[in-house]
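# Fold and contact review
Single-letter residue listing:
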Amino acid sequence: MSPMIHLITRSKAAAGCFALVLVQQLLVASSTAWIVQLVRAIEHGTPYTGWLALYLASLSLPYLPGSAALALLTRWQNQAFERYTTQFLSVASKATAHWNDVNLKKSRLTALQSQAQQALNGFCEYSYGAWAVTLNVAFSVVVLAWIAGPAMFLAYGTSMLLAYGFVALRKSRLNALGVLADANRAGLLATLGQCWQNV
């Protein structure tokens, strides 16, 4: 893990956000188990009110930790930008010679002023979404395996390995496209800045 990512992710807001998503996804996954028990109780003519209550609760309660997780996500994004700015100023103050290079100065200021917050927000949102999707899939597989049998683990495991292999094969290309996109964005912002000088 790079020092910058470690600096960003080492946050109580991030930890709280991930913990709340864990609770949310547990509640979401439990709805499948409750509805199965509800159907079985109806089929066998046994009392089903308790299973129905649990099922309805599992449909509504996830909104509570979900809303709190989104609030912590916003706090995490603000903290990440604050930490990045502090780190940027700390490094910049020790490398005054670099600021004599006009092009380097312009590119770094552009990154700080316009690209940094967008990139940090995107990283936090991606981490939040990836964690939520991963938990959702994992818990769903566990519940489905409990219902349909352990063969479900093999099927999902194989599909996940194939998907991971495809992403790994295209990783270098994706990284190259990301670098190119950043360079083009910096060039565009620099050009827009020059337009104001010509007005």
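Quick notes on the rules
Residues numbered from 1 in each chain as written. Predicted model: local features only at pLDDT ≥ 70, side-chain atom pairs only at ≥ 80, totals over all residues. Heavy atoms only, no water. Helix = DSSP H or I, 4+ residues; strand = E, 2+ residues; numbered from the N terminus. Buried < 20%, exposed > 50% of the residue type's maximum accessible area, 1.4 Å probe, protein only. Contact = heavy atoms within 4.5 Å. Areas by Shrake-Rupley, 256 points an atom, 1.4 Å probe, with all protein chains shown as cover. Core = buried A, V, L, I, M, F, W, Y, C linked by side-chain atoms within 4.5 Å. Patch = residues over 30% accessible without salt bridge, like charges linked within 9 Å, V, L, I, M, F, W, Y side chains within 5 Å. Salt bridge = Lys/Arg side-chain N within 4 Å of Asp/Glu carboxyl O. pLDDT = per-residue confidence, 0-100. Polar contact = N/O pair within 3.5 Å; in protein donor to acceptor, adjacent residues only side chain to side chain.

### Description of the overall build of the protein
Assigned secondary structure in the protein consists of seven helices and zero strands. Walking the protein from its N terminus toward its C terminus, one meets helices and strands in the order α-α-α-α-α-α-α. The buried share of the protein, taken over its 199 residues, is 24%. Within the protein, counting contacts between residues at least 6 apart in sequence, those at least 24 apart form 78% of the total. Within the structure as shown, the protein displays about 13400 Å² of accessible surface, and the carbon and sulfur contribution to it stands at 67%.

### What to know about the nonpolar core
If you look at soluble globular proteins, the nonpolar side chains tend to sit buried side by side. In this structure, Cys17, Val21, Leu73, Trp76 and Tyr128 are the most contacted members of the largest nonpolar core, which totals 21 residues. When contributions to this core are tallied by element, the ones reaching two or more residues are α2 (12–44), α4 (63–93) and α5 (102–148). What Trp76 contacts, discounting residues up to four positions off in sequence, is Ile8, Thr9, Ser11, Ala13, Ala14, Phe18, Phe123, Cys124 and Ser127.

### Some remarks on a nonpolar patch on the surface
Nonpolar side chains collect at one region of the surface, where Ile42, Tyr48, Leu52, Leu56 and Leu59 lie side by side and expose about 450 Å² of accessible area between them. Here the element with the most residues in the nonpolar patch is helix α3 (residues 49–60); it accounts for three residues. Secondary-structure assignment places Leu59 in helix α3.

### Focus: the confidence of the model for the protein
Considering every residue of the protein, the mean pLDDT works out to 80; 78% of them sit at 70 or more. No element of the protein has a lower mean pLDDT than helix α1 (residues 3–9), which averages 68, and none a higher one than α3, which averages 92.

### A word on the side chain of Ser11
Tracing the backbone shows Ser11 in the loop between α1 and α2. For Ser11, a relative accessible area of 8% puts it in the buried group. A polar contact is formed between the side chain of Ser11 and the backbone nitrogen of Ala13, at a distance of 3.2 Å. Contact partners of Ser11, with chain neighbours within four places excluded, come to Trp76, Gln79 and Arg83.

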